[in-house]
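For reference, the chains in residue letters:
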Amino acid sequence: MKLKPTVAIVGRPNVGKSTLFNKLIGKRVSIVKDEPNVTRDRVIMDAEWLNYKFTLVDTGGLELKSQDEMQKHIVYQAKLAIDVADVIIFLVDGKQGLLQGDFDVAEVLRKSKKPIVLAVNKVDNNKCDDLYDFYQLGLGDPIAISGEQGKGLGDMLDEVVKNFNVVEDDENKDEPLKIAIVGRPNVGKSSLTNRLLGSDRMVVADRAGTTRDSIDSLFRYNGKEYILIDTAGIRRKNAIELDSVEYYSVIRSLDAIKRADVCLIVLDASEEITEQDVKIAGLVHEQGKPSVVVYNKWDKIEKDESTSRRYKQKLDEDLKFMSYFMPLFVSTKSGQRLSSIMPAVLKVYENASRRLQTSTLNQILMDAVTITPPPSQGGRRLKIKYMTQASTNPPTFVLFVNDSTLLHYSYERYLENQIRNAVDFSGTPIVLVAKDKK
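Before going into details, it helps to say that this report is about the structure given with it. (Residues numbered from 1 in each chain as written. Predicted model: local features only at pLDDT ≥ 70, side-chain atom pairs only at ≥ 80, totals over all residues. Heavy atoms only, no water.)

**What about the side chain of K289?**
Phase 1 of the analysis: Structurally, the position occupied by K289 is in the loop between α7 (275-286) and β12 (291-296).
Phase 2 of the analysis: Despite being buried, K289 has no salt bridge partner; D261 is the closest side chain of opposite charge, sitting 5.7 Å away.
Phase 3 of the analysis: Polar contacts involving the side chain of K289 include one to the main-chain carbonyl oxygen of A260, which spans 2.8 Å. (Helix = DSSP H or I, 4+ residues; strand = E, 2+ residues; numbered from the N terminus. Buried < 20%, exposed > 50% of the residue type's maximum accessible area, 1.4 Å probe, protein only. Lys, Arg positive; Asp, Glu negative; His and termini not counted. Salt bridge = Lys/Arg side-chain N within 4 Å of Asp/Glu carboxyl O. Polar contact = N/O pair within 3.5 Å; in protein donor to acceptor, adjacent residues only side chain to side chain.)

**Concerning unusual backbone geometry**
Phase 1 of the analysis: For the bond running from N393 to P394, omega is 0°, close enough to zero to count as cis.
Phase 2 of the analysis: Looking at the element boundaries, P394 is found in the loop between β16 (384-391) and β17 (396-401).
Phase 3 of the analysis: Phi is positive for N186, close to 70°, though the residue is something other than glycine.
Phase 4 of the analysis: Tracing the chain through its elements places N186 in the loop between β7 (177-182) and α5 (189-196).

**Structural notes on the nonpolar core**
Phase 1 of the analysis: By size, the foremost hydrophobic cluster in this structure holds 59 residues, and its most contacted members are F90 and L319.
Phase 2 of the analysis: Tallying contributions element by element places helix α2 (residues 69-84) first for this core, with six residues.
Phase 3 of the analysis: The contact partners of L319, leaving out residues within four places of it in the chain, are V278, A281, V293 and F325.
Phase 4 of the analysis: Counting residues in each nonpolar core, the second largest holds 26 residues, with V187, L197, V266 and V330 among its members. (Core = buried A, V, L, I, M, F, W, Y, C linked by side-chain atoms within 4.5 Å. Contact = heavy atoms within 4.5 Å.)

**Comments concerning α5**
Phase 1 of the analysis: Residues of α5 that are buried: K189, L192, T193 and L196. The arc enclosing the buried residues of α5, seen along the axis, measures out at 100°, which places them on a common side. (Arc of directions from axis to C-beta.)

**Concerning the packing of aromatic side chains**
Phase 1 of the analysis: Considering all chains together, one arrives at 13 aromatic pairs under this definition.
Phase 2 of the analysis: Taking 6.3 Å as the distance between ring centres and 65° as the angle between the ring planes, the aromatic pair formed by Y221 and Y226 counts as edge-to-face.
Phase 3 of the analysis: Accessibility expressed as a relative area gives 4% for Y226, which makes it buried.
Phase 4 of the analysis: Plain terms: the ring middles of F397 and F425 are 6.0 Å apart, the flat faces sit at 70° to each other, and that makes the pair edge-to-face. Of the two residues, F397 is situated in strand β17 and F425 in the loop between α11 (409-422) and β18 (431-436); the sequence distance between them amounts to 28 residues. Note on accessibility: F397 and F425 belong to one class, buried.
Phase 5 of the analysis: By the ring-pair criterion, three or more aromatic residues cluster together here, those being Y295, W298, Y311 and F329. (Phe/Tyr/Trp six-rings, centres within 6.5 Å; stacked < 30°, edge-to-face > 60°.)

**Examining the side chain of T307**
Phase 1 of the analysis: Within the secondary structure, T307 is located in helix α8 (residues 307-318).
Phase 2 of the analysis: The buried category is assigned to T307, whose relative accessible area is 1%.
Phase 3 of the analysis: Not counting residues up to four positions away in its chain, the partners in contact with T307 are W298, I301 and E302.

Here is the structure:
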């Protein structure tokens, strides 16, 4: 699989970052990738340009020398986004020209060692008399754009995607399996980490992760080494508004998810599932990672014979975009069912790594088409010639068809369900790609 890069928009206040962000993800712009039923955060969206898929992150305006408490938190958020980003769009104001604040931000970005695309915004008349002044920032060629009018965005995005270092999965990699523990604050991620690293398993080493407050811990289970990526440490601060805490949570979760092989999505069984829970689950799904949904604090729930079923039905509704989810109901306090977590992790990773023979796939396809023939549109019927598996993690299948535009989302979902009915792909997303074959 090709790992999805992250692009952060960074700059001082009032240079047009949010306008550019909204233009890039707006429904009228061709680069939008809009998948149904996934709740997304206001500042993190999926985008696509020239067949490159990436995650776009907006940030608050940086005033690095401000002593204002809220501004300090905005700077902290932005630095988190910079840490996570693979490429940074540094946005400056072509009307105001260079200010000291631009130089301050440029210095931070230079230290990040990340690829920088310098975009000069608000150049609405296709020219900027002082465009060459921006070479003083020492960050390469400035690109004139207008976020408001949409001008120059193609040139800017061309430069962005040139910097993508797309990594192919190595199915025979020898590195320990990486397991990310993600979820909103106070659902029990730290307790779960401590339990998994308990006395019955030997902790080999701890080292700082790539993002603030993320810790990678190496441990052994059944004689094999694994790495836990814990994103604990996100706590409500008096001076931070609630959506800022959510921003911390999403950014840290995004980094952990990108680095992980399997994700444990931790929920609090004693509380209603929240929009933030769904956002984080959506990030796991969009990154194509296998996962286990861990309902923690199960000891707090008064139960009868239908309790688990009711919780499962609620998850079916809230996580309908990832109907393949595998749930576990545990208690880190009492230890209830904790022994089922690692077997579930290994199971979903095995499913995500499963490769099917083309003959098996085409038998599944033949049966599916016989039960429900492909749809027609404008008098033309979709013809699926054959199907093959292109890659694993997640399992990706290529459908060779007469016209890929005839493949409706509903029929694609039907084919996915038929594959899942025939083969155990629980806990992992699968991807269907249609290619024209004359």
